[in-house]
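# Fold and contact review
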Amino acid sequence: MESSETLLTVPTGTLKIKDLPGTSNLCLSLVIPTYKERDNIQKVIQILTHTLDESIPGDYELIVVDDDSPDLTWKVAQSLTQEYPQLRVMRRQQERGLSSAVIRGWQVAKGDILGVIDGDLQHPPEVLTQLLIKIAQGADLAVASRHVDGGGVSSWSVVRRFLSRGAQVLGLILLPRVLSRVSDPMSGYFMIRRHSILGVTLHPVGYKILLEVIARGNIQNISEVGYVFCERKEGESKVTWKQYLEYLHHLIRLRLSTGLLGGLSQGLDFPIGRFLRFGVVGLSGVFVDMAILYLLSDPTTLALPLTRSKIIAGEIAIFNNFLWNDAWTFADVSENQQQWSQRIKRFLKFNVICLAGLVLNILVLNLVFNFLIPNRYIANLIAIAVATIWNFWVNLKLSWRVTDVK
């Protein structure tokens, strides 16, 4: 039976968070968006309740927002409300989508802090306590990240890792001042103070609600906590190509949105010292690159074709730059990761980013040499400058660290 006491009414209209009436607010409202999670939901509620009862007993609520799952996840959750009085359940029949489900949950929430966690046990519940501590210490937004110390992924395939990082790089290109504020903008596990998004109309697309929150919210201070993303034990993954297309759609919408200015107004802490060290290392790479290019392509030496010579020279310069960056520019990170496997991972990550820069370098070299300045060395200097900007920006934002499961 769908009692009004246990089944929440779905809000209608715009996706906007309103202020709370009265003064009987809770500390935390944690939304759990679900779709076909019948096998997980009871265990999720049990674990979350145990975790939060230890840190903020009686001062929280759990809100399950289910998109009318055919396996009746919402009904299973509703049956748990007597055992867990802090649990509230919403069944949506007219709307679909994780992001909008989160906001609909926040719209009926009673907490001063609004949070979201997956309903499939891939987000470790024990991190909730650390997120609450970050908020208590003054953060407006506390994000669980896979890309800071203590973070990682358990057993992702190479393809999924590549797609995840590729999506992040694409976001950095389209929305640099939004995505650069956090190390893991793809995270779906975070807490935010209600006042930071109060009265803001949100327009989420797909799964990546954090992008919308950062871009449109009034967020001054952001903190991050490392977590290891676990593989699900029950149910099936919701990740499909549709989610990547929705992510691209969301990026473009935010890029074109006139409401984006608020999200762009925040300043960035630019690491000028690290940039200067990166530049010095890059300068050493210029000499290596030029020397190898001369030896391979000059008519008086090997006289190899320009493009082939440039590929070889560029790769050798990349290796040179990695060694210096690892030992100097990012020494504060690499000194804590001295195992050879970690160094190899850092090199592979750096190499992939720089190889993309090398492709850009070659394109610029040929464009300048063939259409603007018919001097291979001047053209090469220009190409190197363009690629260096790319390499620094992406390496800076993706961070010089390897995250392993402990």
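It should be noted that the structure appears before, not after, this text.
All values reported here derive from a predicted model rather than from experimental measurement. (Residues numbered from 1 in each chain as written. Predicted model: local features only at pLDDT ≥ 70, side-chain atom pairs only at ≥ 80, totals over all residues. Heavy atoms only, no water.)

## A look at the overall build of the chain
- Scanning the chain for helices and strands turns up 14 helices and 10 strands.
- Counting over 406 residues, the chain shows a buried share of 51%.
- Sequence separation of at least 24 residues holds for 81% of the intrachain contacts in the chain that already meet a minimum separation of 6.
- By element, 60% of the accessible surface of the chain is carried by carbon and sulfur atoms, the whole surface being about 19,200 Å². (Helix = DSSP H or I, 4+ residues; strand = E, 2+ residues; numbered from the N terminus. Buried < 20%, exposed > 50% of the residue type's maximum accessible area, 1.4 Å probe, protein only. Contact = heavy atoms within 4.5 Å. Areas by Shrake-Rupley, 256 points an atom, 1.4 Å probe, with all protein chains shown as cover.)

## Details of the environment of I214
- Relative to the elements of secondary structure, I214 occurs in helix α7 (residues 209-216).
- On the accessibility criterion, I214 (1% relative accessible area) is buried.
- Between the alpha carbons of I214 and V182 there is a distance of 9.2 Å; along the sequence they are 32 residues apart.

## A few points about the sheet that holds strand β6 (residues 141-145)
- On the basis of which strands lie adjacent, the open sheet formed by eight strands has the order β1-β4-β3-β2-β5-β8-β6-β9 and mixed pairing. The open sheet terminates on both sides in strands that have one partner only, identified here as β1 (7-8) and β9 (222-226).
- As paired strands, β6 and β9 are joined by five bridges and run parallel to one another. When the sheet's bridge partners are listed, S145 is paired in β9 with G226. (Pairing = 2+ DSSP bridges.)

## Here we look at a nonpolar patch on the surface
- Taken together, I272, F275 and L276 make up a surface patch of nonpolar side chains, about 280 Å² in accessible area.
- Take F275: it is sitting in helix α10 (residues 272-297).
- F275 sits in the partly exposed class, given a relative accessible area of 35%. (Patch = residues over 30% accessible without salt bridge, like charges linked within 9 Å, V, L, I, M, F, W, Y side chains within 5 Å. Salt bridge = Lys/Arg side-chain N within 4 Å of Asp/Glu carboxyl O.)

## Examining the pairing of strand β8 (residues 190-193)
- Sheet analysis places strand β5 (residues 111-116) next to β8, joined by four bridges and oriented antiparallel. Bridge assignment links G115 to a residue of β8, and that residue is M191.
- Bridge count between β6 and β8: three bridges; the pairing is antiparallel. In the strand pairing of β8, V143 is matched with F190.

## Focus on the nonpolar core
- With 36 residues, the main nonpolar core has L28, I45, L52 and L62 as its most contacted residues.
- Going through the elements one at a time, β2 (26-34), α1 (38-55), β3 (60-66), α2 (73-78), β4 (87-91), α4 (127-136) and β6 are the ones with two or more residues in this core. (Core = buried A, V, L, I, M, F, W, Y, C linked by side-chain atoms within 4.5 Å.)

## Concerning the packing of α1 against α4
- Closest axis-to-axis distance for the α1/α4 pair is 9 Å, and the angle between their directions is 40°. Considering their axes alone, α1 and α4 lie oblique with respect to each other. At the point where α1 passes α4, the crossing takes the right-handed sense. Here L48, T51, L52 and S55 of α1 lie close against α4, whose contacting residues are L128, T129 and L132.
- Its residues placed into classes, the contact of α1 with α4 shows four nonpolar, three polar and no charged. (Axes fitted to C-alpha atoms, helices over the stretch in contact; angles between N-to-C directions. Parallel < 35°, antiparallel > 145°, perpendicular 65-115°, else oblique. Left-handed = near helix turned anticlockwise from the far one by under 90°. Nonpolar A, V, L, I, M, F, W, Y, C, P; charged D, E, K, R; others polar.)

## So, the environment of R376
- Secondary-structure assignment places R376 in helix α14 (residues 376-398).
- When the C-alpha positions of R376 and S297 are compared, they lie 9.8 Å apart, and in sequence the two are 79 residues distant.
- Sequence-distant contacts of R376, defined by excluding residues within four places in its chain, comprise S297, L306, L365 and F369.

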